[in-house]
Every structure is written in C-alpha cells, then in structure tokens.
Amino acid sequence: MKVRTVLGDLPAGELGVTDSHDHLFFRSVLLAGQELDDADAAAAEVRDFKAAGGQAIVQWTPYGLGRRAADLARISADTGIHLVAASGLHRAEHYPQGVVDEVRPRLAEIFVRELTEGIGDTGVKAGLIKVAGGFHVLDEHARVVMIAAAEAQHATGAPIAIHHELGSAADAVLDLLVDESGVAPERVILGHLNRFPDHRFHLELAARGPFLAFDGPSRANNATDPRLFDCLAALIDAGYADRLLLGGDTTTARARAATGEGPGIPTC
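Residues numbered from 1 in each chain as written. Predicted model: local features only at pLDDT ≥ 70, side-chain atom pairs only at ≥ 80, totals over all residues. Heavy atoms only, no water.

Thoughts on the overall build of the protein chain
And step 1. Counting its secondary structure elements, the protein chain contains eight helices and 11 strands.
And step 2. In terms of overall size, the protein chain behaves like a compact globule, its C-alpha atoms giving a radius of gyration of 17 Å where 268 residues would be expected to give roughly 18 Å.
And step 3. Expressed along its principal axes, the backbone C-alpha trace of the protein chain runs to roughly 45 × 40 × 35 Å.
And step 4. Every one of the 268 residues in the protein chain was classed for burial, and the buried ones make up 53%.
And step 5. Restricting to contacts in the protein chain with at least 6 residues of sequence separation, those with at least 24 account for 73%.
And step 6. When the accessible surface of the protein chain is summed, it comes to about 11,200 Å², and 51% of that surface belongs to carbon and sulfur atoms. (Helix = DSSP H or I, 4+ residues; strand = E, 2+ residues; numbered from the N terminus. Rg over C-alpha atoms; globule rule 2.2 N^0.38 Å. Buried < 20%, exposed > 50% of the residue type's maximum accessible area, 1.4 Å probe, protein only. Contact = heavy atoms within 4.5 Å. Areas by Shrake-Rupley, 256 points an atom, 1.4 Å probe, with all protein chains shown as cover.)

See the structure below:
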C-alpha cells in the first residue's frame, strides 16, 4: 500500500512515527484571529516534531481553508518530514458565505482533480479526502459531501477521513460510506473518537473494519480526556491495535507549541 505525500507516493511502511491528524495551515471564519497561516511558524512546529522523533504528519485541512499546498511541499523538502495534504470539504459553517454553494455541484470532480493532478496550480497532490459529519446525525450538507467523497474514493482509491462532531454519528457515517456507497471500510478513518468515550460503541465501530482516530491533545477536552487511555486499552485488548491512529489536531495559533501556549504537534 502506498501513501500519497506532497512530494510523491511512498510505501506506507516508510512513514514512520506519524501524527495521523493535524493542521499546519488552517483558516476558518469560526476561528477569526486564530488562523494558522504563518509558514515560518509551521516549519518550526515541524522541526520540533522531528526533534521529538516524529517522521510524518497527515494534514486534514480540506478545500478552501488555507491549505497552502506549495508551502507544505517546501516544508517537507526542507525538514525531511513526510507530509500528506487533504482534499475534501469541511462543515459549511467554516466557509465564507457562498463558497459551499459554488462548489457543491462539482465536489467529486474537485476531489479527484486534487488527488490526481494537484491542488490549484501547485502540482502538489492531496493524499486523502477529509469530510465532516454533524452532531449525532448526518445533515444534508454532510450527506452530499460524503457521497461526493465516496465517488472520488472509488475513482482514486484515496482514503476518506471524517471529522465527527464530539465523536458522534460515526455509525451513520459507516452506514452511508460503506453500506450504501460501497467504500471499503479499511479506506475510512473515523476521527475524534476520543470525544465520545464509549467503549462499547468503539468496539462496534472497530468490528466494522475502519481505522479509528483518537486525536486532540492540542486542546483540552476536560470531560473526556481522562478516559482516553481506557478507550485505547479496550480496543487493544480486543485485538484492534492495528486499527488505531493518534494525532494532535492543532487548529488554532494559541494551541501551537512554536508560537503559542499549547503543546502543538511536537507532543504527538
């Protein structure tokens, strides 16, 4: 199996120690004043991650949220850290008015082009499709985006990574992507499950075959963080260690270690 990094395809076994969900660049109308758009700060974060033993970072920033693909390629070349960029689309509220309406009719086309030809005119190819569910349900926006993601996945083989609001509705995502749309479960990554610390639910999800991501030490989830290791232990004891992914999910300048007050990517 190969992973598509910003510098080209790489055998998955060569990724090494990987932060499986993070953001070097991210701009959202919901986080005004906390944008991750400083290339020097991003490079410093990556260098600190490397010094801590890290070897690869998967950036889940999708279409329209300031990915800066050319800078990702430059940072990867300069630091020697493997970086994976994302196509896909986040929840509608992260975008300026009109953006989602403009791209909705051609989402699958956009995703396939970014995965196979490159993001914008950079020639830097995305390596996964990032989409988002709603809080306990899949609203119309989520369903439209996920159906487009499934179409792009079938065309390219790229994995689909899902942001879950507070870790919820992961079962509905599998119903739509796997059962209804025919995406192979091992090509699905369910994110933010640490925010929904229900052991039985996690085991039910794992039995259906996807990867399970526990991602979020860059921010405080005070109600759920104390249960993280119990959740991981339950899955490991049940034989699902090879389906677990860990990441930091740094989305604000405040959470960045290099220039802010948080632990950032180096903690991963």
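Describing the environment of Leu138
And step 1. Along the chain, Leu138 turns up in the loop between strand E7 (128–132) and helix H5 (140–156).
And step 2. According to the relative accessible area criterion, Leu138 is buried, its value standing at 15%.

With respect to the packing of aromatic side chains
By convention here, two paired aromatic rings are described through the distance between centres and the angle between planes.
And step 1. Going through the model one piece at a time under the given rule, you end up with one aromatic pair.
And step 2. Residue placement shows Arg243 over the ring face of Phe211; its charged tip is 4.6 Å from the ring centre. (Phe/Tyr/Trp six-rings, centres within 6.5 Å; stacked < 30°, edge-to-face > 60°. Lys NZ or Arg CZ within 6 Å of the ring centre and 35° of its normal.)

Some thoughts on the environment of Val178
And step 1. The residue Val178 is located in helix H6 (residues 170–180) in this model.
And step 2. Sequence separation of Val178 and Ala150 is 28 residues, and the distance between their C-alpha atoms is 8.8 Å.
And step 3. Leaving out residues up to four positions away in the same chain, Val178 has contacts with Val173, Val183, Pro185 and Val188.

Re the sheet that holds strand E5 (residues 82–84)
And step 1. Strands sit in the order E3-E4-E5 across an open sheet of three strands; the sheet is parallel. For this open sheet the edge positions go to strand E3 (18–22) and E5, each flanked by a neighbour on one side alone. Recorded for the sheet is a direction-independent mean angle of 15° between the axes of neighbouring strands. (Pairing = 2+ DSSP bridges. Axes fitted to C-alpha atoms, helices over the stretch in contact; angles between N-to-C directions.)

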